[in-house]
Amino acid sequence: MSTAEQQLELGITQTSERSQPWQRWLRWWQPESAPLYDRVLLWLSLALLAIGLVMVTSASFPVAERLTDNPFHFFFRHCMYLALGMGLLATVVQVPIQVWFRGSAVLLLIAIGMLVMVLIIGHEVNGAKRWIKVGPLTLQTAELAKLFFVAYVASYLTRRHDQVQENLRGFIKPLAVLFIFGCLLLLQPDFGSAVVMTSIVVAMLFLAGARLWQFFAIFIAISLLLTFLIYFEPYRMRRVVSFLDPWQDPFGSGYQLTQSLMAFGRGDWFGQGLGNSIQKLQYLPEAHTDFIMAVVGEELGFVGILTVLVLVFALVFRTMQLGRRALERGHQFGGFMAYGIGVWFAFQAMVNIGAAAGLLPTKGLTLPLVSYGGTSLLISCITIGILLRLDYEVRIGSMKVAPRSGRRA
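Only a predicted model underlies this, so the values are computations on that prediction, with no experimental measurement involved.

**Q** So what about the overall build of the protein chain? Which residues, and what values?
**A** Within the protein chain, the secondary structure is distributed over 15 helices and 3 strands. Per-residue burial over the protein chain gives 47% buried out of 409 residues. Sequence-distant contacts, at least 24 apart, represent 71% of the contacts inside the protein chain between residues at least 6 apart.

**Q** Give me the packing of helix α2 (residues 39-68) against helix α13 (residues 292-328): which residues, what numbers.
**A** In contact at an axis separation of 10 Å, α2 and α13 are set at 160 degrees when each is read in the N-to-C sense. Classed by the angle they form, the pair α2 and α13 counts as roughly antiparallel. As for how α2 packs across α13, the hand of that crossing is left-handed. Along the contact surface, α2 presents V40, L41, L44, S45, A47, L48, I51, M55, V56, S58 and A59, while α13 presents I292, V295, V296, E299, L300, V308, L311, V312, A314, L315, R318 and T319.

**Q** Tell me what's going on with the side chain of T57, and back it up with residues and numbers.
**A** Note on placement: T57 falls in helix α2. One polar contact links the side chain of T57 to the main-chain carbonyl oxygen of L53, over a distance of 2.7 Å.

**Q** Describe the packing of helix α5 (residues 104-121) against helix α8 (residues 168-186), listing the residues and the values that go with them.
**A** Two elements in contact, α5 and α8, have axes whose closest approach is 9 Å; the angle formed by their N-to-C orientations is 20 degrees. Taken together, α5 and α8 sit at an angle that is classed as roughly parallel. In the crossing of α5 with α8, the sense of the turn from one axis to the other is left-handed. Contact residues: L108, A111, I112, L115, V116 and L119 in α5; V177, I180, F181, L184 and L185 in α8.

**Q** Summarise a positive patch on the surface; cite the residues concerned and give the values.
**A** On the surface, R159, R160, R169 and K173 cluster together into a patch of positive charge. Structurally, R169 is set in helix α8. R169 sits in the exposed class, given a relative accessible area of 63%.

**Q** Describe the side chain of T198, and please don't skip the residues or the numbers.
**A** Among the structural elements, T198 can be located in helix α9 (residues 191-207). When neighbours within four sequence positions are excluded, T198 is seen to be in contact with L178 and I222.

**Q** Pulling in residues and values, what's your account of the nonpolar core?
**A** Counting residues in each nonpolar core, the largest one holds 108 residues, and the members touching the most others are W100, L147, L157, F181, M293 and M337. In this structure, this core is formed jointly by two domains, domain 1 (36-94 + 244-396) and domain 2 (104-232), each of which donates at least three residues. If we skip the residues at most four places from it in the chain, M337 touches W100, L147, V150, A151, A154 and I386.

**Q** Which residues make up the pattern of salt bridges, and what are the values?
**A** Pairs can form between side chains of opposite charge once their charged atoms are near each other. This structure, assessed with the given rule, holds 8 salt bridges. The salt bridge partner of R318 is D38, with a shortest N-O separation of 2.9 Å. On the criterion of sequence distance, the pair formed by R318 in helix α13 and D38 in the loop between α1 (3-29) and α2 is long-range, its members being 280 residues apart. Owing to a relative accessible area of 1%, D38 belongs among the buried residues under this scheme. Between E393 and R389 there is a salt bridge, and its shortest N-O distance comes to 2.9 Å. Of this pair, E393 and R389 both sit in helix α15 (residues 374-398), 4 residues apart, which is roughly one turn of the helix. Classification of E393 by relative accessible area gives buried; the value is 16%.

**Q** Which residues make up unusual backbone geometry, and what values do they have?
**A** Note that the residue after Q188, namely P189, is joined by a cis bond; omega there is -5 degrees. Secondary-structure assignment places P189 in the loop between α8 and α9. Phi angles above zero are rare outside glycine, and D69 is one such case at about 60 degrees. Take D69: it is sitting in the loop between α2 and α3 (73-92). Positive phi, normally seen in glycine, also occurs at D268, with a value near 55 degrees.

About the criteria used
As a convention, each chain's residues are numbered from 1 in the sequence order in which they are written. In keeping with the predicted nature of the model, local features appear solely for residues at pLDDT of at least 70, side-chain atom pairs appear and are counted solely at 80 or more, and the whole-chain, interface and lining totals rest on all residues. Excluded from the side-chain calculation are hydrogens and water; included are all heavy atoms of the structure. Counting from the N terminus, the helices are the DSSP runs of H or I reaching at least four residues and the strands are the DSSP runs of E reaching at least two. Under the scheme applied here, a residue whose accessible area is under 20% of the maximum for its type counts as buried, over 50% as exposed, and between as partly exposed, the area being computed with a 1.4 Å probe on protein chains only. Whether two residues are in contact is decided by their heavy atoms, any of which lying within 4.5 Å being enough. Structural elements are reduced to axes, namely lines fitted to C-alpha atoms, with helices fitted over the stretch in contact, and the angle between N-to-C directions of any two is expressed from 0 to 180 degrees. Angle categories: roughly parallel below 35 degrees, roughly antiparallel above 145, roughly perpendicular from 65 to 115, and oblique for all the rest. Left-handed is the label given to a crossing in which the near helix is rotated counterclockwise from the far helix by less than a right angle, and right-handed is the label when the rotation is clockwise. Contacts described as polar in this section are N or O atom pairs within 3.5 Å, which, within protein, must combine one atom able to donate a hydrogen with one able to accept it, while residues neighboring in sequence count only if both atoms come from side chains. Like-charged residues within 9 Å of one another, or nonpolar side chains (Val, Leu, Ile, Met, Phe, Trp, Tyr) within 5 Å, are grouped into patches, provided each residue has over 30% relative accessible area and no salt bridge. Per-residue and other accessible areas follow the Shrake-Rupley method at a 1.4 Å probe size, with only the shown protein chains counted as cover for residues. Think of a salt bridge as a Lys or Arg side-chain nitrogen and an Asp or Glu carboxyl oxygen that are within 4 Å of each other. Asp and Glu count as negative and Lys and Arg as positive, but His and the ends of the chain are not part of the count. A charged residue contributes its charge at one atom only: NZ of Lys, CZ of Arg, CG of Asp or CD of Glu. For this analysis, a nonpolar core means a set of buried residues of the types Ala, Val, Leu, Ile, Met, Phe, Trp, Tyr and Cys, connected via side-chain atoms within 4.5 Å. What counts as a domain boundary in this text is fixed by an automatic or database domain assignment.

Take it as geometry only, folks, not as evidence of what the structure does.
Here you go:
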């Protein structure tokens, strides 16, 4: 071999060695690279849970000390819900997806029953009945209703897929169920959850292949209905007006948003440092729940916000990717359910972050896996368990088992 050929071979080898870390990273990201579970989905979820624990602890110190004389009150409660959520995740991973499919009708009835029950015996906070107390736990029925509703719609699309694509009757049926849920949610009132469930069902119908003109019709109808609900409810109208110009009444209807915007402004690129937020010191209401991203922005800056955004939407992308693979492998119910969960997480995260940044009106929705909120955290962990189980079943179904030598296939 000549000297020139040896140099060329050496250069190719070095280039190959330099590319190995990127190749390993790409293989790690590929859905089929792990044998039994989606490690990317799991690590993204754990990263968001860890960030949520740290930021809830930081944001809740002042309000916890004021309400309970114990600055770690919400930290301990969040840890309790987090431990319970991880236990539920580990349990749900063991449940076959077909169990959710067969029980979707029962889950739908349970969800409706719980939404009715909360109106009768619910715990009222700030004029809203959204919670049922079960011992030391406080359950928000709307969060359970979202999960059960997604399971029902996925089941319906699996059973009536042709009807949804071919006629208006198949398209209307899930919207009729949505109407019942929406009425019960508005009686609490919980306008934000009603909007989330509407976005979920419309997106799932679109992904199932419903006709385009039907979406234009339902979009116009829903837009008119939402306008009507906002216009004739004073507190919703105040939220929209304060969203359009919060500085017009900075100590009244625009107070929460102006304080949130000041938190973002103080954060700059790299933030004031973990624990150094000023706005959480009794200035910004609901700093550890609905407006936790404002505290993230103030303490960790633009870099912290960008990190959370990347993690959330990487999780959503991974979920939608799983839904597509499931449908390609014949797992219709699991595929539609993954699509529903992905849309749910994406829309709720968009509304939460958009409201904190002044891009959308305040809706009182948590940031999945990050904000403080017991029921939201538990349901988010359950959904991650469902996704991991679906991914496991898709992988197992695609594996080709070779017969042992000496035996017939």
